[in-house]
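Summary of structural features
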Amino acid sequence: MSVPSIEQNMIKSYVLKLTCPDRLGVMAKITGHLYHHGAFINNARHYADSDKQRFNMRIEFDDRQLSCSPERFEKDFDDFAQAMQMTYHLRCAKTRPKIMIMVSKDDHCLNLLLTKWRSGVLKADICAIVSNHQNAKDLAHFYGIDFHYLPVDKTNKPEQEAQLWQLFSQYQADLLVLARYMQILSDDLCAKLIGKAINIHHSFLPGFKGAKPYQQAHDRGVKIIGATAHYVTKDLDEGPIIVQEVKPVDHATTVRDMIEIGHDIEATALARAVRWHVEDRILLNDHRTVVL
């Protein structure tokens, strides 16, 4: 078995995602700039939106042949980005985003996120779990994660949201995950969390709102059960879609079966959306997402 050299262990990898106006030669200019500075590209994907004339790209590169210091590289790239009218995010691949998770009573989505995190598939740090119920307290303590109980009613919602935002800021969290958190966030908080909060909800054709959606779906004889993971906006359940999962059902599928199936695909869709976010694979394109 070969042993990595000291030089290999010192190599740092980076992830760059960007969007800019699309024009002739834009990809050549971007890769050319990286080449000029000795950035060794390992992976690159791009998408040009012809309708909006927007160019989107995600690049993984390392510094094995970098011709300047990382600080100089970042300064030069920032100047380059301004000239290209570019919005971008650049980070060292070893940097782990911080996630705060919110949950109510159902913990199926939370459980899968914790499993992915513990196994190393979800390359992030879960810094806290926040809930309006006590159900997830023992689970949080089992994983050694801080738990915060913020009960919500009609009289204290603004105060509890202020406490939530304080916790998000205190932990310096990068992402808020609503893992079946059954409270509606205020427009003001949604505005603060644009691009930083992901929600999951059941999704049927037609859509069923209110109490007992699976019972309604069964009564109407739906043939597909779905789940949608999306970014949070002030428009309830209408934010930019990241992941959708569906599974066929038929007349013999009971309400209990539907709930079990629904829980499985809700958890899967949310876990995939969170993973793509922390890996910097998602670019917002107005009301849509580009996943690279």
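Residues numbered from 1 in each chain as written. Predicted model: local features only at pLDDT ≥ 70, side-chain atom pairs only at ≥ 80, totals over all residues. Heavy atoms only, no water.

Here we look at the pairing of strand S10 (residues 224-231)
Selection criterion: Each residue is placed in one exposure class: buried if its accessible area under a 1.4 Å probe, protein chains only, is under 20% of its type's maximum, exposed if it is over 50%, and partly exposed if it falls in between. Only runs of H or I of at least four residues qualify as helices and only runs of E of at least two qualify as strands under DSSP, and these elements are numbered from the N terminus. For two strands to be treated as a pair, DSSP must find no fewer than two bridges joining them.
For S10, a buried count of seven out of eight residues is recorded, marking the element as mostly surrounded by other parts of the structure. By the bridge criterion, seven bridges tie strand S9 (residues 197-204) to S10 in an arrangement that is antiparallel. Each bridged residue has a counterpart across the sheet, and for Ile198 the counterpart in S10 is Tyr231. Across seven bridges, S10 lies against strand S11 (residues 241-248) in antiparallel orientation. Directly across from His230, in S11, lies its bridge partner Ile241.

Regarding the packing of helix H2 (residues 26-36) against helix H3 (residues 70-83)
We apply this condition: Inter-axis angles, ranging from 0 to 180 degrees, are taken between N-to-C directions of lines fitted to C-alpha atoms, where helices are fitted over the stretch in contact. Any angle that is under 35 degrees is reported as roughly parallel, and any over 145 degrees as roughly antiparallel; angles of 65 to 115 degrees are reported as roughly perpendicular and all others as oblique. Crossing handedness is read from the near helix: turned anticlockwise from the far helix by less than a right angle, it gives a left-handed crossing, and turned clockwise, a right-handed one. Working rule for contacts: check all heavy atoms of both residues, and any pair within 4.5 Å makes them a contact. Under the scheme applied here, ten amino acids are nonpolar (Ala, Val, Leu, Ile, Met, Phe, Trp, Tyr, Cys and Pro), four are charged (Asp, Glu, Lys and Arg), and all others, including Gly, are polar.
It is the contact of H2 with H3, at a shortest axis distance of 11 Å, that shows an interaxial angle of 160 degrees. Compared by their axis directions, H2 and H3 come out roughly antiparallel. Crossing angle aside, the handedness with which H2 passes H3 is right-handed. Touching Lys29, Ile30, His33 and Leu34 of H2 are Phe73, Asp76, Phe77 and Phe80, all from H3. Partitioned by chemical class, the residues of the contact of H2 with H3 number five nonpolar, one polar and two charged.

Things to note about the packing of helix H8 (residues 213-220) against helix H9 (residues 255-278)
Close contact between H8 and H9 brings their axes to 9 Å; oriented N to C, the two are set at 120 degrees. Between H8 and H9, the angle is such that the two are oblique. Helix-helix and strand crossings are classified by hand; for H8 and H9 the assignment is right-handed. On the side of H8, the interface is formed by Tyr214, Gln215, Ala217 and His218, while H9 contributes Val255, Met258, Ile259, Gly262, His263 and Glu266. Of the residues belonging to the contact of H8 with H9, the class tally is five nonpolar, four polar and one charged.

Considering unusual backbone geometry
Within the chain, Asp237 stands out as a residue other than glycine whose phi angle is a positive 60 degrees. By the secondary structure assignment, Asp237 is in the loop between S10 and S11. Of note, Asp286 is a non-glycine position whose phi angle comes to about 60 degrees, a positive value. Note on placement: Asp286 falls in the loop between strand S12 (282-285) and strand S13 (288-291). Judged by relative accessible area, Asp286 falls into the exposed class, the value being 53%.

Quick look at the packing of aromatic side chains
Stated formally: Between 30 and 60 degrees the pair is tilted, below 30 it is stacked and above 60 it is edge-to-face, where a pair is any two Phe, Tyr or Trp rings, Trp via its six-membered ring, whose centres lie within 6.5 Å.
Summed over all chains, the structure comprises eight aromatic pairs. Consider the rings of Trp117 and Tyr143, whose centres lie 6.3 Å apart with planes at 55 degrees: the pair is tilted. Taken together, the residues span a long stretch of sequence, with Trp117 in helix H4 (residues 108-119) and Tyr143 in the loop between helix H5 (137-142) and strand S7 (146-149) at a distance of 26 residues. On the basis of relative accessible area, Trp117 is assigned to the buried category, the value being 18%.

Describing a negative patch on the surface
Where we set the bar: Patches in this entry comprise residues that are over 30% relatively accessible and not in a salt bridge; like charges within 9 Å are linked, as are nonpolar side chains (Val, Leu, Ile, Met, Phe, Trp, Tyr) within 5 Å. Note that accessible areas follow from Shrake-Rupley with a 1.4 Å probe, and for residues the cover is restricted to the protein chains shown. The salt bridge definition used is simple: a Lys or Arg side-chain nitrogen within 4 Å of an Asp or Glu carboxyl oxygen. Charge assignment in this entry is limited to Lys and Arg as positive and Asp and Glu as negative, and neither His nor the chain termini are counted. To locate a charge, take NZ of a lysine, CZ of an arginine, CG of an aspartate or CD of a glutamate.
A surface patch of negative charge is lined by Asp187, Asp235, Asp237 and Glu238. Judged by its relative accessible area of 62%, Glu238 is exposed.

Regarding the layout of surface pockets
Spelled out, the test is: The definitions used throughout rest on a 1 Å grid laid over the protein atoms alone, on which a cavity is an enclosed set of points accommodating a 1.4 Å probe that cannot get out and a pocket is an open set flanked by protein within 12 Å on both sides along at least five of seven lines; lining residues are those having an atom within 4 Å of a point. Grid points are joined across faces, edges and corners, and a volume is the space filled by probe spheres set on the points.
The volume enclosed by the largest pocket comes to roughly 1000 Å³. Along the walls of the largest pocket sit 37 residues, with Arg180, Met182, His201, His202 and Asp237 positioned nearest its centre. Residue assignment for the lining of the largest pocket shows that the elements contributing at least two residues are helix H7 (187-192), S9, H8 and H9. Among the elements that make up the lining of the largest pocket, the one with the highest residue count is S9 (six residues). Split into classes, the residues belonging to the lining of the largest pocket amount to 14 nonpolar, twelve polar and eleven charged. Estimates place the volume of the second largest pocket at around 530 Å³. Lining the second largest pocket are 22 residues; nearest its centre among them are Lys17, His89, Gly195, His277 and Asp280.

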